[in-house]
Amino acid sequence: MACKVISFINMKGGVGKTTLTKELGYHLSHVLDNKVLLIDVDPQMNLTQSLFQAFGYAPSQDIAQRVQMEELSDQEEGSRTKRSITVSSVSIASIFSGTITSPATPENSILKLDDNLSIVPGQLGIDFSLRNLNSTTLENGIYEFIKKHHLREQFDFIFIDCPPTYSSYTTAALKASDAYLIPAKPEAYSILGIDMLLKVVDSVQIENGPYFEPERLKNIGIILTDMRGNSSVGEKSLTEDLRKSKLIVNSNVYFFNTQFAHNEYIKTQIDYLIDRSNADKTSKPNLANLAQEFLGRIDDLWNNN
Ligand SMILES: Nc1ncnc2c1ncn2[C@@H]1O[C@H](COP(=O)(O)OP(=O)(O)O)[C@@H](O)[C@H]1O
Ligand SMILES: [Mg+2]
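Source: prediction; values computed, not measured.

Time to look at helix H1 (residues 17-31). Along an α-helix, residues three or four positions apart point the same way, because every turn accommodates 3.6 residues. Look at H1: 20 Å from first C-alpha to last across 15 residues, which is about the 21 Å you get at 1.5 Å a residue. Counting buried residues along H1, twelve of its 15 residues qualify, which places the element largely inside the surrounding structure. Of the positions making up H1, those classed as buried are Lys 17, Thr 18, Leu 20, Thr 21, Lys 22, Glu 23, Leu 24, Gly 25, Tyr 26, His 27, Leu 28 and Ser 29. Two residues or fewer after H1 comes Asp 33, characterised by a positive phi angle close to 60°.

Here you go:
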């Protein structure tokens, strides 16, 4: 199967974009043996913080120290291939602000967490769109990086965790993507966020025509997240309102049958990963079902046209 680049996107914050990117990415890579690259585009870098903790990297500044230490011990064992990496040098910053003289490379952008899972870490608080950058460099950054370094040949899935705002980052993520997936919570204003998102996706495609030819972005669908199930009456009626809303029905957006279940550990432990935990009996099968439905959608969308 050819690599799929997918943006996890919603104009609302706190709807489970980051959590779903991480859990689905981890499941596809560790349980289903795919090669997965996660790209953290959100300046809040929650995805990076969570996975760094989960894989034994200290949060933010100490990232590179660990990388350096590993490389030193490699060298001690006789491998002389690697050079040391400094703190801010492995991150999305290289991709967004790369220049002809210091371009983004896999070495300064991608951190391999293990054989199957890699990440382009975020950069806390750096808003590249506010720095005197040529906005085309920023908006084409991820697209060009994937192309130049043949990442589609190295990964089965590339997931992009988007920020909740509409900015050059969103454009950068969508321009690089084949498809997008919408995590959402059944809340009173969900529909507004989704409405805005569909409009943004349309306008980005209109403004950047050639990037979306011959194929336009595919909409994988809406996944409801953090769902408590039957116990919540409000949740149920809001879900029905959303599913039957004019917007969803008229725009023919797919609604996942599987909903991403609420799990208290996700909220309380930053390094939590469902497939690593032995504690819960609900989330693991739930995530496996979600992954199967996701793969089914991929099959449907790519084979049926
Ligand atoms: N399935 C879940 N169970 C419990 N808490 C969740 C679940 N999914 C997300 N959350 C929590 O909801 C909050 C928002 O999730 P997050 O993935 O960061 O959203 P976003 O990236 O859209 O802003 C976080 O505190 C996260 O831990
Ligand atoms: Mg997020």
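Structure shown, so let's carry the discussion forward.
Let us look at the site of ligand 1. Near ligand 1 you find 15 residues, and of these Gly 14, Thr 18, Thr 19, Ala 261 and Asn 263 are the closest. Backbone polar atom of Gly 14 to an oxygen atom of ligand 1: 2.7 Å apart, as the coordinates give it. For ligand 1, an oxygen atom lies 2.9 Å from a polar atom in the backbone of Gly 16. Starting from 560 Å² of accessible surface for ligand 1 in isolation, the protein chains cover 83%. Of all the secondary-structure elements, those providing two or more residues to the shell around ligand 1 are H1 and helix H12 (264-268). Residue contributions to the shell around ligand 1 peak at three residues, all from H1.

So, about unusual backbone geometry. Across the junction of Glu 213 and Pro 214, the peptide omega takes the value 5°, indicating a cis bond. When you line up the elements, Pro 214 lands in the loop between helix H9 (190-207) and strand S7 (218-224). Of note, the phi angle at Asp 33 is positive, near 60°, even though the residue is not glycine. Within the secondary structure layout, Asp 33 lies in the loop between H1 and strand S2 (36-40). Relative accessible area serves as the criterion here: at 59%, Asp 33 is assigned to the exposed category. A positive phi is found at Met 45, a non-glycine position, where the angle reads about 40°. Judged by relative accessible area, which is 2%, Met 45 ranks as buried.

To continue, consider the pattern of salt bridges. The final tally for this structure, using the stated rule, is ten salt bridges. Note that Asp 226 and Lys 267 form a salt bridge whose closest N and O atoms lie 3.2 Å from each other. Highlighted residues: Asp 226 in the loop between S7 and helix H10 (233-243) and Lys 267 in helix H12, separated in sequence by 41 residues. The partner of Glu 240 in a salt bridge is Lys 244, and the shortest N-O contact between them spans 3.1 Å. Because the salt bridges share partners, they merge into one network encompassing Lys 185, Asp 226 and Lys 267.

Before going further, it helps to spend a moment on the sheet that holds S7. Spatial strand order, S3-S4-S2-S5-S1-S6-S7: seven strands in an open sheet with mixed pairing. Looking at strand neighbours, the two that pair on one side only are strand S3 (111-112) and S7, the edges of this open sheet. Here strand S1 (residues 4-8) runs beside strand S5 (residues 157-161); their pairing, made up of five bridges, is parallel. For Ile 6, the partnering residue across the bridge sits in S5 and is Phe 159. Contacting S1, S5, strand S6 (179-184) and S7, helix H13 (residues 283-303) crosses the sheet at an angle of about 160° to S7.

Turning our attention to the environment of Leu 20. Position of Leu 20 relative to the elements: it lies in helix H1. The class for Leu 20 is buried, based on a relative accessible area of 0%. Sequence separation between Leu 20 and Ile 223 is 203 residues, and the spatial gap between their C-alpha atoms is 9.1 Å. When residues no more than four places from it in sequence are discounted, the contact partners of Leu 20 are Phe 8, Gly 25, Leu 181, Pro 183, Ile 223, Thr 225, Phe 260 and Leu 290.

Membership of the largest hydrophobic core comes to 45 residues, with the highest contact counts inside it found for Ile 39, Ile 142, Ile 158, Ile 160 and Ile 222. For this core, the secondary-structure elements that each account for two or more residues are S2, helix H4 (92-97), helix H6 (135-148), S5, helix H8 (168-176), S6, H9 and S7. It is H9 that contributes the most residues to this core, six residues altogether. Residue contacts for Ile 222: discarding those within four places in its chain leaves Ile 182, Ala 184, Ile 194, Ile 248, Val 253, Tyr 254, Phe 255 and Phe 256. Grouped together as the second largest cluster of nonpolar side chains are 36 residues, Tyr 26, Ala 179, Phe 256 and Leu 273 included.

Another aspect to go through is the packing of H1 against helix H2 (residues 46-54). To characterise two packed helices, one gives the angle between the axes of the helices and the distance between these axes. Where H1 contacts H2, the axes come no closer than 9 Å and their chain directions differ by 40°. Considering the angle they form, H1 stands oblique to H2. Seen along the crossing, H1 lies across H2 with a hand that is right-handed. Within the contact between the two elements, H1 uses Thr 18, Thr 21 and Lys 22 and H2 uses Asn 46, Leu 47, Ser 50 and Leu 51. Broken down by class, the residue content of the contact of H1 with H2 amounts to two nonpolar, four polar and one charged.

Conventions we followed
- Residues numbered from 1 in each chain as written.
- Chains lettered and ligands numbered in written order.
- Predicted model: local features only at pLDDT ≥ 70, side-chain atom pairs only at ≥ 80, totals over all residues.
- Heavy atoms only, no water.
- Helix = DSSP H or I, 4+ residues; strand = E, 2+ residues; numbered from the N terminus.
- Expected span 1.5 Å × (residues − 1).
- Buried < 20%, exposed > 50% of the residue type's maximum accessible area, 1.4 Å probe, protein only.
- Near = heavy atom within 4 Å.
- Polar contact = N/O pair within 3.5 Å; in protein donor to acceptor, adjacent residues only side chain to side chain.
- Areas by Shrake-Rupley, 256 points an atom, 1.4 Å probe, with all protein chains shown as cover.
- Salt bridge = Lys/Arg side-chain N within 4 Å of Asp/Glu carboxyl O.
- Pairing = 2+ DSSP bridges.
- Contact = heavy atoms within 4.5 Å.
- Axes fitted to C-alpha atoms, helices over the stretch in contact; angles between N-to-C directions.
- Core = buried A, V, L, I, M, F, W, Y, C linked by side-chain atoms within 4.5 Å.
- Parallel < 35°, antiparallel > 145°, perpendicular 65-115°, else oblique.
- Left-handed = near helix turned anticlockwise from the far one by under 90°.
- Nonpolar A, V, L, I, M, F, W, Y, C, P; charged D, E, K, R; others polar.

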